[in-house]
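In case you want the letters, here they are:
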Amino acid sequence: MEQSVIIVGAGIIGAATALQLARGGHRVTVVASGAPDATSAAFGWINASFYLDDDHHHLRAAGIRAWHRLLHDVPAPVAWQGCLCWDMPQAEMEQTYARLRGFDYPVEVIGKAAVSAREPALKTVPERALFFPSEGAASSGDLARAFLAAAQDAGARVISNVAVTGIRTHNGRGVGIETVQGVIAADQVVIAAGTGTTTLVQSIDCTIPLVPRPAYILRTNRQKKILQHILATPDGEIRQEPAGQILMPVSVGHQGDTAEELQQTPHDAADLAMVRLRGLFDGLADARWAEVVRADRPVPQDGLPVVGAVAEGVYVAVLHSGITLGPIIAELIAKDIAGRLDNADAAMIAPYRPQRFAKG
Ligand SMILES: Cc1cc2nc3c(=O)[nH]c(=O)nc-3n(C[C@H](O)[C@H](O)[C@H](O)COP(=O)(O)OP(=O)(O)OC[C@H]3O[C@@H](n4cnc5c(N)ncnc54)[C@H](O)[C@@H]3O)c2cc1C
């Protein structure tokens, strides 16, 4: 049944969900405060080679398939250049290869000559690397903007720079959002507010625990094209934007980074990361960091996505790896709200329900 839906947040999760719900015939309004978001700061890597458990891998692999469905008719700038990965010891590489092959995930082990042919600018070429040909990347802020524009084409409306201060309920059911200027009513509220989620759900006595996961990510000045793939190296994860900037999260192994505080100034952290970057490639003599962005990753306490209703009429979606997972999560949310999850969808979403945090 068609409903009026307010989505709190215009990052990739809010934007992708707005698109699915608007296309499903719902009257959608996105309300976003303009608070710093994770989406525009992300590295933008779409992958299922990083995962926390088997279900998480399958969700991420479904995420890649959902991306291809979406890109049929939403023009978004994703490049499927594949990833070369050698950020682990040999034994772990063999285990990773075997596990991913067991999942039927596209993965190859390639030797030194093939790595060098694929990335000729590397100064020191690893003896071997894993190649994940199905992985891609994009400038993630552009993705959210592309989804929002497509959602607007389908009838969604966007309210920007207005903070949602709480969720309005009546007899335990969500009936809208609260702002300083007053209440905006809706049949359904979807909270896709990233790190702002915890505070918002507290307004209806609900707990979604997130852990602090701050990050710096740097962009260089524009360089001629030297990188062909997304690279996961022992010195960090690196990719080059089509316009030439090289992008690098400052912490090594950023997807599994568990640091709760940033210990260095952005300036010092970026200087050190640039030393690692220049050490990896020829041709970066005039490269310097041009921008460092600090961002807080929305990471639930157990590291896994949180997706589901927390009260009648109130739905929550908060997760890391939202660039990989945005399209699949949005598809699942739209089906869930419409009561149309099939058995496979229900199994896919089951591990991520918010009620797991209420079990004590
Ligand atoms: C450095 C870094 C690198 C990353 N790299 C990757 C990667 O390579 N691949 C990957 O898959 N993921 C990556 N991620 C994770 C990914 O960026 C996040 O999972 C994803 O962006 C979360 O999207 P979101 O829409 O849930 O939240 P956000 O993008 O944080 O958006 C939240 C939205 O809610 C709004 N908001 C918040 N509070 C309120 C309020 N009270 N009222 C109204 N609006 C509100 C904000 O303004 C914003 O619009 C990375 C993250 C970081 C920080």
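Treat the numbers as computed from the prediction; the structure is a model and nothing was measured. (Residues numbered from 1 in each chain as written. Predicted model: local features only at pLDDT ≥ 70, side-chain atom pairs only at ≥ 80, totals over all residues.)

## Digging into the overall build of the protein chain
- Secondary structure summary: the protein chain contains nine helices and 21 strands in total.
- Computed over the C-alpha atoms, the radius of gyration of the protein chain is 21 Å, within 12% of the 21 Å expected from 2.2 N^0.38 for a compact globule of 360 residues.
- Summarising its shape, the C-alpha atoms of the protein chain cover approximately 65 × 45 × 40 Å along the three principal directions.
- Residues classed as buried in the protein chain amount to 44% of the 360 residues present.
- Considering only contacts in the protein chain between residues 6 or more positions apart, those separated by 24 or more positions represent 70%. (Helix = DSSP H or I, 4+ residues; strand = E, 2+ residues; numbered from the N terminus. Rg over C-alpha atoms; globule rule 2.2 N^0.38 Å. Buried ≥ 20, exposed ≤ 12 C-beta atoms within 10 Å, placed from the backbone. Contact = placed C-beta atoms within 7 Å.)

## Details of the site of the ligand
- In the vicinity of the ligand there are 41 residues, among which G9, G11, G194, G196 and G322 approach most closely.
- For the shell around the ligand, the secondary structure elements donating two or more residues are helix 1 (12-23), strand 2 (27-32), strand 14 (214-220) and helix 8 (322-337).
- Of the residues that constitute the shell around the ligand, the class distribution is 25 nonpolar, 14 polar and two charged.
- There are two domains that each give the shell around the ligand at least three residues, and those are domain 1 (4-44 + 141-211 + 301-359) and domain 2 (83-133 + 214-295). (Near = placed C-beta within 6 Å. Nonpolar A, V, L, I, M, F, W, Y, C, P; charged D, E, K, R; others polar. Domains from an automatic or database assignment.)

## Regarding the sheet that holds strand 4 (residues 83-85)
- In spatial order, the strands read 5-6-4-15-16-17-14-18; together these eight strands make up an open sheet with mixed pairing. With partners counted over all chains shown, the strands left at the sheet margins are strand 5 (108-111) and strand 18 (289-296), one partner each. With direction set aside, neighbouring strand axes in the sheet form an average angle of 20°. (Pairing = 2+ DSSP bridges. Axes fitted to C-alpha atoms, helices over the stretch in contact; angles between N-to-C directions.)

## Structural notes on the packing of helix 1 against helix 5 (residues 140-153)
- Axis separation between helix 1 and helix 5 bottoms out at 8 Å; the angle between their running directions is 25°. Accordingly, the angle class assigned to the pair helix 1 and helix 5 is roughly parallel. The interaxial crossing formed by helix 1 with helix 5 has left-handed handedness. In this structure, helix 1 uses I12, A15, A16, A18, L19 and A22 to contact helix 5, whose residues at the interface are S140, L143, A144, F147, L148, A150 and A151.
- Considering only residue class, the contact of helix 1 with helix 5 consists of twelve nonpolar, one polar and no charged. (Parallel < 35°, antiparallel > 145°, perpendicular 65-115°, else oblique. Left-handed = near helix turned anticlockwise from the far one by under 90°.)

## A short note on the nonpolar core
- Of all hydrophobic cores here, the largest spans 104 residues; its most connected members are V8, A18 and A317.
- Looking at this core, the element that brings in the most residues is helix 8, giving nine residues.
- Both of domain 1 (4-44 + 141-211 + 301-359) and domain 2 (83-133 + 214-295) provide at least three residues apiece to this core.
- What V8 contacts, discounting residues up to four positions off in sequence, is V31, V164, I177, V189, I191, A192, A193 and L200. (Core = buried A, V, L, I, M, F, W, Y, C linked by C-beta atoms within 7 Å.)

## Side note on helix 3 (residues 90-102)
- Its 13 residues place the ends of helix 3 18 Å apart at the C-alpha level, agreeing with the 18 Å of an ideal helix rising 1.5 Å per residue.
- Positive backbone phi, at 70°, marks D104, one or two positions downstream of helix 3. (Expected span 1.5 Å × (residues − 1).)

## Remarks on the sheet that holds strand 21 (residues 314-318)
- Taken together, six strands build an open sheet; the order of strands is 8-2-1-12-21-20 and the sheet is mixed. Looking at the sheet topology across the chains shown, the edges are occupied by strand 8 (157-160) and strand 20 (306-311). Across this sheet, the average inter-strand angle for adjacent strands is 20°, counted without regard to direction.
- Note: strand 12 (residues 188-191) against strand 21, three bridges, orientation parallel. Residue pairing for strand 21: V189 is matched across the bridge by V314.
- Seen against the sheet, helix 1 touches strand 1 (4-8), strand 2, strand 12 and strand 21 and runs at an angle of roughly 170° to strand 2.

## A few points about helix 8
- In this model helix 8 runs just 20 Å from its N-terminal to its C-terminal C-alpha over 16 residues, more than 12% under the 22 Å that 1.5 Å per residue would give.
- The sharpest bend along helix 8 comes to roughly 30°, located at I328.
- Counting buried residues along helix 8, 14 of its 16 residues qualify, which places the element largely inside the surrounding structure.
- Following helix 8 by one or two positions, G339 has its phi on the positive side, about 70°. (Bend = angle between axes of the 7 residues up to and from the residue.)

## Regarding the packing of helix 2 (residues 54-71) against helix 8
- The N-to-C vectors of helix 2 and helix 8 enclose an angle of 80°; their axes lie 7 Å apart at closest approach. Taken as axis vectors, helix 2 and helix 8 run roughly perpendicular relative to one another. For the pair helix 2 and helix 8, the contacting residues are L59, R60, A62, G63, A66, W67 and L70 in the first and T324, L325, P327, I328 and E331 in the second.
- Split into classes, the residues belonging to the contact of helix 2 with helix 8 amount to eight nonpolar, two polar and two charged.

## Digging into the environment of G25
- As for its placement among the helices and strands, G25 is situated in the loop between helix 1 and strand 2.
- Between the alpha carbons of G25 and Q3 there is a distance of 8.2 Å; along the sequence they are 22 residues apart.

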